[in-house]
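# Summary of the model geometry
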Amino acid sequence: MQIISVTYRLAVALWVGGVAIFTFVLTPILFKSQPRDLAGMIVGVLFPGYFRWGLACGSVALATLLLERGKHFTVALALIVLMLAATAFQAFYIEPKAAEIKKDIPSFETTPKDHPKRQEFSRLHGISAVCNLVVFGGGVVLVVLL
């Protein structure tokens, strides 16, 4: 059963590490070093892979947790389900909707902040940021519980 435990730990660590690198390192560097529209385009291109990574790691973590049923099983199960739900919501609802709205915004550098499309994009971005923090926070708790 050692392989299941190691696979679970790796899946959680890779998931949380991916969220941390993307959220706290990659995205801020892009937005500080590139024009806003270019940085947004790059992040938009990366999002589908980022969410697939989270869904894959989360699915492996869930499957191995169900097989192992180790200590803190109930808490870990609730956290992983919550984290997967947040990631799926971002992947299948928020990101496609935000990408569609982005098509109608010629430039974030020149479009006024009170423009209805920009306000809708900002609202979705805020929801996505909260989901991302939920995934990261849940992942940190999972790592502590390992």
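Here is what the cut-offs are and how they apply
Residues numbered from 1 in each chain as written. Predicted model: local features only at pLDDT ≥ 70, side-chain atom pairs only at ≥ 80, totals over all residues. Heavy atoms only, no water. Helix = DSSP H or I, 4+ residues; strand = E, 2+ residues; numbered from the N terminus. Buried < 20%, exposed > 50% of the residue type's maximum accessible area, 1.4 Å probe, protein only. Patch = residues over 30% accessible without salt bridge, like charges linked within 9 Å, V, L, I, M, F, W, Y side chains within 5 Å. Areas by Shrake-Rupley, 256 points an atom, 1.4 Å probe, with all protein chains shown as cover. Salt bridge = Lys/Arg side-chain N within 4 Å of Asp/Glu carboxyl O. Phe/Tyr/Trp six-rings, centres within 6.5 Å; stacked < 30°, edge-to-face > 60°.

Within the secondary structure, histidine 115 sits in the loop between α3 (73-103) and α4 (116-145). For histidine 115, a relative accessible area of 30% translates into the label partly exposed. C-alpha of histidine 115 to C-alpha of isoleucine 105: the two residues are ten residues apart in sequence and 9.0 Å apart in space.

With that out of the way, let us pick up a nonpolar patch on the surface. Taken together, the side chains of Ile21, Phe24, Val25, Leu26, Ile29, Leu46 and Leu133 define a hydrophobic patch exposed on the protein surface, amounting to about 600 Å² of accessible area. When residues of the nonpolar patch are assigned to their parent elements, the largest contribution, five residues, is made by helix α1 (residues 2-33). Looking at the element boundaries, phenylalanine 24 is found in helix α1.

On to the pattern of salt bridges. Under the criterion given, the structure shown has three salt bridges. We note a salt bridge from lysine 117 to aspartate 104, for which the minimum N-O separation is 3.2 Å. With lysine 117 in helix α4 and aspartate 104 in the loop between α3 and α4, this residue pair connects regions lying 13 residues apart in the sequence. Classification of lysine 117 by relative accessible area gives partly exposed; the value is 32%. Judged by its relative accessible area of 43%, aspartate 104 is partly exposed. Across the salt bridge formed by arginine 123 and glutamate 120, the nearest N and O atoms sit 3.0 Å from each other. Residue arginine 123 and its partner glutamate 120 are located together in helix α4, separated by three residues, close to a single helical turn. For arginine 123, a relative accessible area of 42% puts it in the partly exposed group. Residue glutamate 120 is classed as partly exposed on the basis of its relative accessible area of 24%.

Our next topic: unusual backbone geometry. Even without being glycine, arginine 69 reaches a positive phi, approximately 50°. Given the relative accessible area of 52%, arginine 69 is considered exposed. Positive phi is not limited to glycine here, since histidine 72 has a value of about 60°. Here histidine 72 shows up in the loop between α2 (36-68) and α3.

Overall, the coordinates contain eight aromatic pairs when judged by the stated rule. In textbook terms, an aromatic cluster arises when at least three aromatic residues are bridged by ring pairs, as seen for Phe22, Phe47, Tyr50 and Phe51.

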